[in-house]
Structures are given as structure tokens and as C-alpha cells.
Amino acid sequence: MKLCAAEEYGIRCLLQVAQAPGSFLTIHEIARREDLSAPYVAKLMRVLLKGGFVRSIRGLKGGYELTQPPQRISVASILNVLGKRIFVPDFCECYTGIARACRHKVHCSLRQLWMAIDNMVQSALTRTMLSDLLCTESEMESWVRQHIMARIAGIELPAHEGHA
């Protein structure tokens, strides 16, 4: 899985907004905090606004705030607005080689692998909330070990309620 810049920076912008509950962050404040250009942050925030993650207020004390608590925003839902999944329904049509249709339309072992990996990634991202990312790197490393790696190993843990 390779994240695109919009996915990485979009989540980082949302994290900045989540770290300022009860106040509005402007495009310039977010851009400064993330070392991004204001036009690029504006573009990302428009996508996040259209996706329903933030609302904007115009004026001197305006800016952006989350539309719901970070405990209710899954990383999967954010990435679905900013990018696309590893395996999408038209995946096979994208890799036909020089033919009109993939020669492996039936009996494709690769398709099964990509679908399984996509399902595991989506499961992990769906269980990870924006609030889970409001921590230090070492805290997140521990959380990943407990919640993501344990699930991959087949150990079911209860859903995480977030750090808030």
C-alpha cells in the first residue's frame, strides 16, 4: 500500500484541527503547523469539508473545526474521501496489458491476494479513529501492537474507544 500525499497531509490537517477542540483553525495556521503551502491546505480542507469531516466559519474568528468528535471519525472514512482503496471494483480493468480485458479474468490468484490485503487494511483503518492518532509515536506503536497486530495474529480485542 502506498499512501499519496493528499492522504498523508489530509490526515495531518485533520489532526491539527482535532488538537484544537472548541476553536477554529485557519488555513494559514494549519499550513504553518504542518509546513505546507496555504493553497495546498486550502485544497485539502475543501475535500475534507465536502467529505463532511470539517465545517468552516468565515470571518475574523473563523476557520475550520471538526463536525463530530475525533472518536467517531475512522481513518478509513478519511482515506476513502482523500484517496482510494488498494483493491477497487474496476482493478482488473486497469491492468489488462495490451489486451482489452485481463487475461486472468477467471482464476486469478493475485486478485485474491489483493482483495485479502485490502480487507485486512480496511479492517484496521476502520477500527482506528482519529482520536487514536492524538498521541505520541511510542504510544501509537504500543496501540498498533495491541490492536492491529493482535488482530492480524487472530487475537480479538474489544473495539478501542479512543484516547480522549
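Residues numbered from 1 in each chain as written. Predicted model: local features only at pLDDT ≥ 70, side-chain atom pairs only at ≥ 80, totals over all residues. Heavy atoms only, no water.

Caption draft 1: Quick look at the overall build of the chain. Scanning the chain for helices and strands turns up seven helices and two strands. Per-residue burial over the chain gives 35% buried out of 164 residues. Expressed as a percentage of contacts within the chain between residues at least 6 apart in sequence, the contacts between residues at least 24 apart total 65%. Accessible surface computed for the chain: about 10500 Å², of which carbon and sulfur atoms make up 57%. (Helix = DSSP H or I, 4+ residues; strand = E, 2+ residues; numbered from the N terminus. Buried < 20%, exposed > 50% of the residue type's maximum accessible area, 1.4 Å probe, protein only. Contact = heavy atoms within 4.5 Å. Areas by Shrake-Rupley, 256 points an atom, 1.4 Å probe, with all protein chains shown as cover.)

Caption draft 2: Broad picture of the pairing of strand β2 (residues 63–66). Here β2 shows no split at all, with Gly63 and Glu65 on one side and Tyr64 and Leu66 on the other all buried. Counting the residues that bridge the hairpin from strand β1 (residues 54–57) to β2 gives five residues, and of these Gly59 lies at a positive phi of roughly 110 degrees. (Pairing = 2+ DSSP bridges.)

Caption draft 3: Here's a closer look at the side chain of Ser74. Inspection of the secondary structure assignment puts Ser74 in the loop between β2 and α4 (75–82). Overall, Ser74 belongs to the buried group, its relative accessible area being 12%. The residues touching Ser74, leaving out its near neighbours within four places in the chain, are Leu125, Thr126, Thr128 and Met129.

Caption draft 4: Spotlight on the environment of Gln71. For Gln71, the position within the fold is in the loop between β2 and α4. Gln71 gets classed as partly exposed once you look at its relative accessible area, which sits at 26%. The sequence separation of Gln71 and Thr128 amounts to 57 residues, and the corresponding C-alpha distance is 9.1 Å.

Caption draft 5: Highlighting the nonpolar core. Counting 28 residues, the largest nonpolar core has Leu14, Met45, Leu48, Leu66, Ile78 and Leu130 as the members making the most contacts within it. Contributing elements (two or more residues each) for this core: α1 (5–18), α2 (27–34), α3 (38–50), β2 and α4. It is α1 that contributes the most residues to this core, six residues altogether. Not counting residues within four places of it along the chain, the set of residues in contact with Leu66 comprises Leu14, Val17, Ala18, Phe53, Val54, Ile73 and Leu130. (Core = buried A, V, L, I, M, F, W, Y, C linked by side-chain atoms within 4.5 Å.)

Caption draft 6: Focus on the packing of aromatic side chains. In total, this model carries one aromatic pair according to the counting rule given. Pairing Tyr9 with Tyr40 gives two aromatic rings, centres 5.9 Å apart and planes at 90 degrees, and the pair type is edge-to-face. On the criterion of sequence distance, the pair formed by Tyr9 in helix α1 and Tyr40 in helix α3 is long-range, its members being 31 residues apart. Relative accessible area serves as the criterion here: at 26%, Tyr9 is assigned to the partly exposed category. Here Tyr40 falls in the partly exposed class, since its relative accessible area comes to 22%. (Phe/Tyr/Trp six-rings, centres within 6.5 Å; stacked < 30°, edge-to-face > 60°.)

Such coordinate-based values are descriptive only and should not be taken to indicate function.
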